[in-house]
Amino acid sequence: MKTIGLIGGMSWESSAQYYRIINQGVRERLGGVHSARILMFSVDFAHIERLQHDGDWASLTAEMIDAAKRLEWGGADFLLLCTNTMHRTADEVAASVSIPLLHIADPTGERVRAAGYTRIGLLGTAFTMEPTFYKDRLSSRFGLEVLVPDEKDRSLVHDVIYRELVAGRVNDASRQAYREIMARLVERGAQAIIMGCTEIMLLISEEDCTVPLFDTTTIHARAAIARALDDG
């Protein structure tokens, strides 16, 4: 079994889900009381969040590189950034270490294409929905047309993540707002929705949408299981 290196804490609410999903999956695969070999470097999200909203991506990249190197030094065989937004730094992080980085968009794009969808809605932080780094990877590698909510809806999606979900707060009113935003994406032609923030799984599930949802947290964690057990 390979050792999985997790760069977590962004937020720890979703990092805890990674730990749970990976360990449950390994136990299901191997039986008995098996669990995963995991190293996690967990950052202080208050510091990260401040740098994000200040637009200081150079400092954020340095933080992620430092975390990646610490995990490599600790014996991780490959890395996961347990966050969609911070994949904005993924190329620099991957270049800084000699072990592979399992990019969150890749297993997600593979799952979407395998299901036969080509036009996909994307929910996430403004830092994920508005720049091109995430949408372009899905487009160039998997041929997906990516739709994002309009400006007002993007702001609401972003605010719910940072004001509620990262603090572990789940509100029914926010769930309803997300349902309405997803419905508007479907009206524009989205065949499915990517939950492109690792906390969104805490708020919505398949029953909240009329089209399939692709939860990046679960998809990424399960891809890590496959990589660790040498079957994917």
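Look up: the structure comes first, before these words.
Structural notes, computed from the coordinates. Since we're looking at a predicted model, the values are computed, not measured.

Some thoughts on the overall build of the chain
- If you tally the helices and strands in the chain, you get 10 helices and 7 strands.
- The C-alpha atoms of the chain give 17 Å as radius of gyration, which agrees with the globular expectation for 232 residues (17 Å, within 12%).
- In terms of overall dimensions, the chain has C-alpha extents of about 45 × 40 × 35 Å along its principal axes.
- Sorting the 232 residues of the chain into buried and exposed places 55% on the buried side.
- A separation of at least 24 residues holds for 74% of the contacts in the chain among residues at least 6 apart in sequence.
- Carbon and sulfur atoms make up 46% of the accessible area of the chain, which amounts to about 10100 Å² in all.
- Averaging the positions of the 25 positive and the 32 negative side-chain charges in the chain gives two centres separated by 3 Å.

Comments concerning the side chain of Glu-164
- When you line up the elements, Glu-164 lands in the loop between helix 8 (151–163) and helix 9 (172–187).
- If we skip the residues at most four places from it in the chain, Glu-164 touches Asp-159, Arg-169, Asn-171 and Ser-174.

Thoughts on empty space enclosed by the protein
- Here the structure, examined in full by the defined rule, presents 1 cavity of 30 Å³ or more.
- Looking at the largest cavity, its volume works out to about 90 Å³.
- Along the walls of the largest cavity sit 15 residues, with Met-10, Thr-83, Thr-85, Thr-125 and Glu-199 positioned nearest its centre.
- Sorting the residues of the lining of the largest cavity by element identifies helix 2 (45–54) and helix 8 as the ones contributing at least two each.

Details of helix 8
- Taking 1.5 Å of rise per residue, 13 residues should cover 18 Å, and helix 8 covers 18 Å from first to last C-alpha, within 8% of that figure.
- All of the buried residues along helix 8 are Asp-153, Arg-154, Val-157, His-158, Val-160, Ile-161 and Tyr-162.
- As for helix 8, its buried residues are in contact with helix 2, strand 4 (119–123), helix 6 (126–129) and helix 9.

A few points about the sheet that holds strand 3 (residues 78–81)
- Pairing is parallel in the open sheet, where 3 strands are placed in the order 2-1-3. Each edge of the open sheet carries a strand with a single partner, namely strand 2 (38–42) and strand 3. Neighbour to neighbour, the strand axes of the sheet diverge by 20 degrees on average, direction disregarded.
- Bridging between strand 1 (residues 4–8) and strand 3 involves 4 bridges; their strand directions are parallel. Note that in strand 3 the partner of Gly-5 across the bridge is Leu-79.
- Strands in contact with helix 3 (residues 57–74) are strand 1, strand 2 and strand 3; relative to strand 2, the strand with the most contacts, it is inclined by about 150 degrees.

Looking at the nonpolar core
- Among the nonpolar cores identified, the biggest contains 79 residues, and Met-10, Met-64, Leu-123, Ile-161, Tyr-178, Ile-193 and Ile-204 are the most heavily contacted of them.
- Ranked by residue count, the leading element in this core is helix 3, at 7 residues.
- Not counting residues within four places of it along the chain, the set of residues in contact with Tyr-178 comprises Leu-123, Leu-156, Val-157, Val-160, Ile-161, Ile-200, Leu-203 and Ile-204.

Some words on the packing of helix 5 (residues 105–114) against helix 10 (residues 216–228)
- Between helix 5 and helix 10, the shortest axis-to-axis distance is 9 Å and the interhelical angle comes to 105 degrees. The orientation of helix 5 with respect to helix 10, classified from their angle, is roughly perpendicular. For the pair helix 5 and helix 10, contact is made by Pro-107, Thr-108 and Arg-111 and by Thr-216, Ile-219, His-220 and Ala-223, respectively.
- Counted by class, the contact of helix 5 with helix 10 contains 3 nonpolar, 3 polar and 1 charged residues.

How each quantity is defined
- Residues numbered from 1 in each chain as written.
- Predicted model: local features only at pLDDT ≥ 70, side-chain atom pairs only at ≥ 80, totals over all residues.
- Heavy atoms only, no water.
- Helix = DSSP H or I, 4+ residues; strand = E, 2+ residues; numbered from the N terminus.
- Rg over C-alpha atoms; globule rule 2.2 N^0.38 Å.
- Buried < 20%, exposed > 50% of the residue type's maximum accessible area, 1.4 Å probe, protein only.
- Contact = heavy atoms within 4.5 Å.
- Areas by Shrake-Rupley, 256 points an atom, 1.4 Å probe, with all protein chains shown as cover.
- Lys, Arg positive; Asp, Glu negative; His and termini not counted.
- Charge placed at Lys NZ, Arg CZ, Asp CG, Glu CD.
- 1 Å grid on protein atoms, 1.4 Å probe; cavity = no way out; pocket = protein on both sides within 12 Å on 5 of 7 lines; lining within 4 Å.
- Points joined across faces, edges and corners; volume = space filled by probe spheres on them.
- Expected span 1.5 Å × (residues − 1).
- Pairing = 2+ DSSP bridges.
- Axes fitted to C-alpha atoms, helices over the stretch in contact; angles between N-to-C directions.
- Core = buried A, V, L, I, M, F, W, Y, C linked by side-chain atoms within 4.5 Å.
- Parallel < 35°, antiparallel > 145°, perpendicular 65-115°, else oblique.
- Nonpolar A, V, L, I, M, F, W, Y, C, P; charged D, E, K, R; others polar.

Scope: geometric values only; no functional claims are made or implied.
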